[in-house]
Amino acid sequence: MTARGTPSRFLKSVLQNGVGRYVCQLKRISIIFSKKGQGSLGIRDFIEEGVVDYAKKNPTTVVYVSPQPCRIPKIVAEYMNGTVREEIVTNKTSPQISELLAKMTNQSGLDIIRIRKPFHTDSPSIQGQWHPFTNRPPSIDPIRPKKEDSQ
Amino acid sequence: MASGYLLNRGVLALGIHGQRVCRNVLLTQVREKKRWMKAYKLLMAKKLKLEGPPPPTPRSQKLNWNYHAEVQAFSIRLHENFSLELLKTAFINPCYLHAEQEKRQSLGVDSETTALNLKDNTQLSQKGEDFTQSFLTDWCRASFPSLPSEGVDSVVGHLTSCAVIAHVARNLGTDDLTMSAECPVPESVLHSTFMAVIGALQESSGAERTGFFLRDFLASQLIGKDLFDMWTVVNPMGLLVEELTKRNIPLPEPRLIRSAGASTVLPLYFVGLYSDKKLLAQGPGETVFAAEEEAARVALRKLYGYTENRRPLDFSPQQHQNPLIQSAISN
């Protein structure tokens, strides 16, 4: 599909985040993995090595570790605006998973679609919006103040 | 599987008639195409279509939920030092207490063993609402010194309205923690809960920090908002005349400055307001009257210091404190 046909949005943040203070948008993370499964090997490693460090480094995120019989281990992230995002971590190694978690922590939870412009402003023009009459001397115009008014 | 294989061999030997018998009696676990699956799926789809999707369950009734940890993370997330007891009280709504008590009574156990030892957030909510109202009024007066009191009231009314507060509360993750009787938490309940959170913050960290909290999360909702979206002025020309007489400026004279396409379906008129032969403001419109009204609004915005190109509001972090806000707090 062409770029015009794909869904798109403008650059924005949740609740003007960062204007007053920065609020980490990741609310909670649940790590779902199997105790025996082959594909969960990397995430088991990560739980042994890195998950406590991650939780200590990010006190704003609640981390749940839930072992359950499953074939596909995954990380379910919930964001402040209600978005729930699942990432499948089958056969991923421990450093890969910590990289993925860092990425999820920095995301805002807004949908990941094409962003139309890489910048945004709420006050687009200091001088006022351009229109065809901008900077046009009034004398050229067909309508001008009548002579007796200007006196 | 081995038995299945053997039986299949046997079935081949017995022929079609024997196969049917064998299937019914012995072969219950043969690996094959699940022919019942399609009918089952269709039934489920039909059921979903008839009954609609199941009602949403609150996050606290789903898996992986630790209320204490969630509340603690909430307070750290906002960079505030809440007292956790107060914060937990702030999330308990009277409607939840009512529903919970009814539920316990309907279970038929005597009321002493099932008594609820919880305090609801009515007091905190009231306190937070009063503080929000007074702080935002002071903040608006400090930020827009020339805005009249009606304008300040409508700006504060917009900021403390149910819709804006509910939007802020939803995006701060308050709706998961809120204890409410209904599941998608109604806007009014979210409003009172958020006010209670503000009240709890004021009790635990004092008025100054609560002021910064309100500035960061509520006042920042003003960014990109037009004054007359929040303040409905029916007759801007009348208001402009009133304001100008108050300031002893000669009354405005509307003049048609420019026009284009007057006989087309998209006419455009520019009306300028002159006062003492000086251009106060000009505004566009599809008719002359609309243009005049727009020009009056532009003039009012200029008078009140709420133009689009005004200096941005000060949201600098707490270390470099703003004298305006300090004065607003001390008021």
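No experiment lies behind these values; they were computed from the predicted model shown.

This part takes up the overall build of chain B. Scanning chain B from N- to C-terminus turns up 16 helices and 3 strands. Put simply, chain B has 331 residues, and 40% of those count as buried. By element, 55% of the accessible surface of chain B is carried by carbon and sulfur atoms, the whole surface being about 19,200 Å².

This part is about the overall build of chain A. Within chain A one finds 4 helices and 6 strands. Going from N to C terminus, chain A has its helices and strands arranged as β-β-α-α-β-β-β-α-β-α. In terms of overall dimensions, chain A has a C-alpha envelope of 95 × 40 × 25 Å along the principal axes. For chain A, the proportion of its 151 residues judged to be buried stands at 37%. Here the analysis covers contacts within chain A between residues at least 6 apart in sequence; of these, 72% occur between residues at least 24 apart. Surface summary for chain A: the accessible area is close to 9,800 Å², and the carbon and sulfur share equals 54%.

A few words on the UniProt feature "domain: Large ribosomal subunit protein mL44 endonuclease" (unreviewed entry) in chain B. Listed under "domain: Large ribosomal subunit protein mL44 endonuclease" (unreviewed entry) in the UniProt record, and renumbered for this structure, are residues 66-201 of chain B. Structurally, residues 66-201 of chain B is divided into 68% helix and 0% strand, and its ends, taken at the C-alpha atoms, are 22 Å apart.

Here the focus is the nonpolar core. The biggest cluster of nonpolar side chains holds 72 residues, and the ones touching the most others in it are F91, L172, F194, L222, L227, L240 and Y304 of chain B. When residues of this core are assigned to their parent elements, the largest contribution, 9 residues, is made by helix 11 (residues 187-205) of chain B. Looking at this core, you find at least three residues from each of domain 1 (115-228) and domain 2 (233-304) of chain B. Setting aside residues no more than four positions away along its own chain, F91 of chain B makes contact with Y67, V71, F74, N121, T174, L177, T178, M179, T193 and V197 of chain B. Grouped together as the second largest cluster of nonpolar side chains are 18 residues, I29, F33, A77 and L101 of chain A included.

Reading guide: rules and limits
Per chain, residues are indexed from 1 in the order of the written sequence. For naming, the first written chain is A and the first written ligand is 1, with later ones following in the order written. Local features are withheld for residues below a pLDDT of 70 in this predicted model, meaning they are given only at 70 or higher, and side-chain atom pairs are given and counted only at 80 or more; totals for whole chains, interfaces and linings count all residues. Working from all heavy atoms in the structure, the side-chain values ignore hydrogens and water. Helix and strand assignments come from DSSP, with helices taken as H or I runs of at least 4 residues and strands as E runs of at least 2, each series counted from the N terminus. Any residue under 20% of the maximum accessible area for its type is buried, any over 50% is exposed, and the rest in between are partly exposed; the area is computed with a 1.4 Å probe on protein chains only. Surface accessibility follows the Shrake-Rupley procedure with a 1.4 Å probe radius. Residue values consider only the protein chains on display as shielding. The contact criterion used throughout is that any non-hydrogen atoms of two residues lie within 4.5 Å. UniProt positions are given in the numbering used here, feature names are shortened, and annotations may be inferred rather than shown by experiment. Here, the term nonpolar core denotes a set of buried Ala, Val, Leu, Ile, Met, Phe, Trp, Tyr and Cys residues that are joined through side-chain atoms within 4.5 Å. Residue ranges for the domains trace back to a domain assignment, done automatically or taken from a database.

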